[in-house]
Amino acid sequence: MAVMTMIQAITQALDLELARDEKVLLFGEDVGQSGGVFRATDGLQKKYGDQRVFDTPLAESGIAGLATGLGLQGFRPIAEIQFFGFVFEAMDEIAGQAARMRYRSGGRYTCPVVYRAPFGGGVKTPELHADSLEGILMQTPGLKVVIPSNPYDAKGLLISAIRDNDPVFFLEHMKLYRSFKQEVPEEAYTIPLGKANVVREGKDVTIVTYGAMVNTAVQAAETWAKTRGITAEVIDLRTISPIDIETIASSVKKTHRAVVLQEAQRTSGVAAEIVAQINEQAMFYLEAPILRITAPDTVFPYAQIEDEWLPTQTRVIEGLEKVLSM
Amino acid sequence: MSAVLETKPTQFLQILDIDGNVKNSDWMPKLSDQELRNLMHKMVFTRIWDGRAVKLTRQGRLGFYAPVAGQEASMLGSEAATNKEDFLLPSYRDIPQSVWHGLPLYQAFLYSRGHQHGGQIPEGVNVLMPQIIIGAQIVQTTGVAMAFKLRHEKRVAFTYIGDGGTSQGDFYEGINFAGAYQVPAVFIVQNNQFAISVPVRLQTAAQTLASKAVAAGIPSMQVDGMDVLAVYAATKQSVDRAREGAGPSLIETITFRYGPHTMSGDDPTRYRTKDMEQEWQLKDPLVRFRKFLEAKGLWSDRDEESTIEEAKTAVSEALAKADSYPKMTVAGLIDQMFEKLPDDLIVQRAEYASEEGR
Ligand SMILES: Cc1ncc(C[n+]2csc(CCOP(=O)(O)OP(=O)(O)O)c2C)c(N)n1
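Residues numbered from 1 in each chain as written. Chains lettered and ligands numbered in written order. Predicted model: local features only at pLDDT ≥ 70, side-chain atom pairs only at ≥ 80, totals over all residues. Heavy atoms only, no water.

**Describing the site of the ligand**
Close contacts around the ligand come from 20 residues, with Glu60 of chain A together with Tyr92, Arg93, Ile132 and Gly165 of chain B the closest. Note that an oxygen atom of the ligand is positioned 3.2 Å from one of the backbone N or O atoms of Asp163 of chain B. Measuring from an oxygen atom of the ligand, one finds a side-chain N or O atom of His261 of chain B at 3.5 Å. Relative to its unbound accessible area of 580 Å², the ligand is 95% covered by the protein chains. Residues belonging to the shell around the ligand are distributed by class as follows: nine nonpolar, seven polar and four charged. (Near = heavy atom within 4 Å. Polar contact = N/O pair within 3.5 Å; in protein donor to acceptor, adjacent residues only side chain to side chain. Areas by Shrake-Rupley, 256 points an atom, 1.4 Å probe, with all protein chains shown as cover. Nonpolar A, V, L, I, M, F, W, Y, C, P; charged D, E, K, R; others polar.)

Laid out in C-alpha cells, this is it:
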C-alpha cells in the first residue's frame, strides 16, 4: 500500500476511472496543460489526451452546462469548479438543470456528472474561494453531496461518485489536500455514498461532523478523554446528502447527547438538518438539547482573522462541557 | 482622432514602436510635457512597487498578490485618461489603477493581507474593492454607468477584465446591457495572453476580443497595450464619447504579464516558454516610453532615480502604516453585516465579544 496525501489520492482516483471507462471526461479551468491549480489533474491530459482531459474557457456556467449536455448523452463528465465560491456562477446548471434531469424526463435522461471543487477555511485564500456553501447544495433535491475528510475516503468516495448515475458534488477541503498522509491501496475501491463513518468510539457524547472538522473533533475528543476521562464518539458524515441518519441515531441512542460541528455559518445548513433528524429519530433518548458548534453568521472572514472565526478545538471542548452539564 | 474607434474591432492602434519612434502621429494625444512625464513617473513607480510587493509576498509580509509588471502601460495609460470623478470597478490585478485613482497604498496592502480596512475605500475616492468573481465587475459597471446617466452627471464608469474573463456570461451580458441602455461605460479588456495557464486560443474562436463588442452593438478597438500613448489615446476617446452621451465602448489592450498569475503557487514554466517571455520583454512599455521621452529631453537618469527612491519610500511608509493598523475582531465583523443587527446576531456577537475582550 502506498502512503499518500489527499490530493494524490484524488489524482489516482481520476486516473483509474479515466483508464477504466472511456466515457469519463475531465475538464475545467487550468486542468489540462498545467494540471490544475492544486495539481489534482497533473499528468492526466498527457496520459489520456486533450479530447478527454481538457481546459475550458473561463466560464463556470459553460463548464456545468457542457457537463449537463455530455451527461445526458451518456458520458461521465467530471467538471472542476476551480474554487467552490465560484459555484454561484454555475448554480442554474447544477441545481436548476442537471439535478432535475431525471425527474423532468421521468427517467428518460440522467446526468451522471461529478462536480469537483476545492473549498474550506484555514488556508488564507482571497474571498469567495473558501466559503462553506454546502448547505445550499444540500437543499437541492436530486443532487448528492460528498465531503471526504482523509485520503483513503477521498479516493473511495470519488470513485463511487464517478460511477454513480446521478449528479454528485464532490467537495475537497483545501486544508486537507497536503496536511497529512495515509495508507491508500493502489487499486480502485469504492466507499458507498450516503454512509457515515464512526471514526472514534465513545460513550458520553456524539460529535457529528465532516470535512476538516473531523480532525478537530477527534483531537478535541482525545484531549477531553485525557483531561476529563470522558469519551466522545466522532461520526464523520462523509456524505452530507443523503445523510446517514441511521448511524447517527444509533450513536445518540447510546450516548444520549450530541453536538454537531461544522465549519459553515450557523443558520440553516448541515448542522440544522442533523439536529432536525436526530429529533425525529432519537428525541426520547436525549438527555440534553443538541448543540451546534459552528462559525458565526457573517460572510466568510478576511484571511487575517480566519483562525479566530473558524471553530477551534477549544470551542469544541467548551461545547462538549456544555452539553454534558445540561 | 476621428472614426477609428467606431467600427473596426480588428484595427490595432500603435503610436510608439518598440524603439520609441512615433509611428502614428494622427493619434498622438495632446498631452503637455508634464503630463507625459507623469505617465512615465507612474509606470516607473508602479514597476518598483510591484517588485517590492512580489518580494514582500514571498517573505509572508503580504498575502494575496497578482503581479502587474509588463502591464503598466495598459493599466496606467487607461486610468490616466479618466477623471477622478469617474468610477473604477477593478479586478484583483488592477491595484495600480485603484491606487492612482485615489486608494491609499497602505489600504491596498491591507487588502492583500486580508484585512477589512483594505476595502474601506475613503469617501471621495471613486473606486470599488477589487473584484474576485471574474465578470461580475462588467455587469456592475453598466449599473454604475446607468446611475450617472439617470442623474445627468457627466461621469463615466470604467472597468477592467482579462482575456479569460471575456468568456464569462457576465461579460457578454454587461456589454450588451450597456449597449442597450447607451450608458457612459468604458470596458477595458487587458489581453495578457493567458488566463492563469490557458492561452487565448483556447478561450475563443473570435479573431479578436475587441470583436466581441460588435454583437453588443458597441464600438471597440484593439490597441498595443505595451504602448502607453496608444492606450491613453484610445481610452481618452472612449471616455470622452461616453461623457458626451455617445454611449459605451470597449478597448482591448494587447499586453503581457511578466510574472506568475499570482504569488500563490503559479508556475508559468508549465504553460509558456522562455522565448515567449523574452519576446515580450523586447516590447517593454517602460523602455519604449523612456526612449521617446529622452529624445525629447523630458526624462533623465536623475528623474528615473528619484522616482525609484520615491517609490521605495512610499512602499516602506505604507507598509509601516499597514503594520500598525488595528487587528480585526469577530465581533467587529458581525457589526458589519447589517445596518441594524438582528437579534440572533446580537446574541452571537456577545459570545465573541466576551471572548475577545478577555
Ligand atoms: C468566476 C471566477 N472563475 C474563476 C476564477 C479563478 N481565476 C482567477 S484569475 C483566473 C484567470 C483570469 O484570467 P484573465 O481573465 O485572462 O485575467 P488575468 O488574471 O490574466 O489578468 C481564474 C480562472 C475566479 N476568480 N472567478
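**Considerations on the environment of Lys253 of chain A**
Residue and element names in this part refer to chain A. Topologically, Lys253 is positioned in helix H9 (residues 245-255). Overall, the relative accessible area of 35% leaves Lys253 in the partly exposed class. Those residues in contact with Lys253 that lie beyond four places of it in its chain are Gln281, Ala282 and Tyr285. (Helix = DSSP H or I, 4+ residues; strand = E, 2+ residues; numbered from the N terminus. Buried < 20%, exposed > 50% of the residue type's maximum accessible area, 1.4 Å probe, protein only. Contact = heavy atoms within 4.5 Å.)

**Comments concerning empty space enclosed by the protein**
All names here are of chain B. A complete count under the given rule lists three cavities of 30 Å³ or more for this structure. Counted as a void, the largest cavity has a volume near 100 Å³. Looking at the lining of the largest cavity, the elements that each hand over two or more residues are helix H2 (33-58) and helix H5 (105-113). It is H5 that provides the largest number of residues to the lining of the largest cavity, a total of four residues. (1 Å grid on protein atoms, 1.4 Å probe; cavity = no way out; pocket = protein on both sides within 12 Å on 5 of 7 lines; lining within 4 Å. Points joined across faces, edges and corners; volume = space filled by probe spheres on them.)

**Some words on the interface of chain B and chain A**
You'll often see interface size given as the accessible area lost when the parts meet. In this assembly, 37 residues from chain B lie in contact with 38 residues from chain A. Interface area, chain B with chain A, both sides summed: about 3,100 Å², of which 56% is carbon and sulfur. Considering only the surface of chain B that becomes buried against chain A, Ile133, Arg270 and Tyr352 of chain B emerge as the three largest contributors, covering 20% of it. The tally of links between chain B and chain A comes to three salt bridges. Across the salt bridge formed by Arg270 of chain B and Asp42 of chain A, the nearest N and O atoms sit 3.1 Å from each other. In this assembly, chain B and chain A are joined by 10 residue pairs in polar contact (both at pLDDT 80 or more). (Buried area = accessible area lost by both parts, 1.4 Å probe. Salt bridge = Lys/Arg side-chain N within 4 Å of Asp/Glu carboxyl O.)

**Some remarks on the packing of aromatic side chains**
Aromatic ring pairs are reported here in terms of the distance separating the ring centres and the angle at which the planes meet. Residues and elements named next belong to chain A. Enumeration over the complete set of coordinates arrives at 18 aromatic pairs over all chains. Centroid distance Phe38 to Phe83: 5.6 Å. Interplanar angle 70°. Geometry classified as edge-to-face. A residue pair is termed long-range when its members are at least 10 positions apart, and Phe38 in the loop between strand S2 (24-28) and helix H2 (44-48) and Phe83 in the loop between strand S4 (76-80) and helix H4 (91-97) qualify at 45 residues. Pairing Phe84 with Phe169 gives two aromatic rings, centres 5.4 Å apart and planes at 50°, and the pair type is tilted. (Phe/Tyr/Trp six-rings, centres within 6.5 Å; stacked < 30°, edge-to-face > 60°.)

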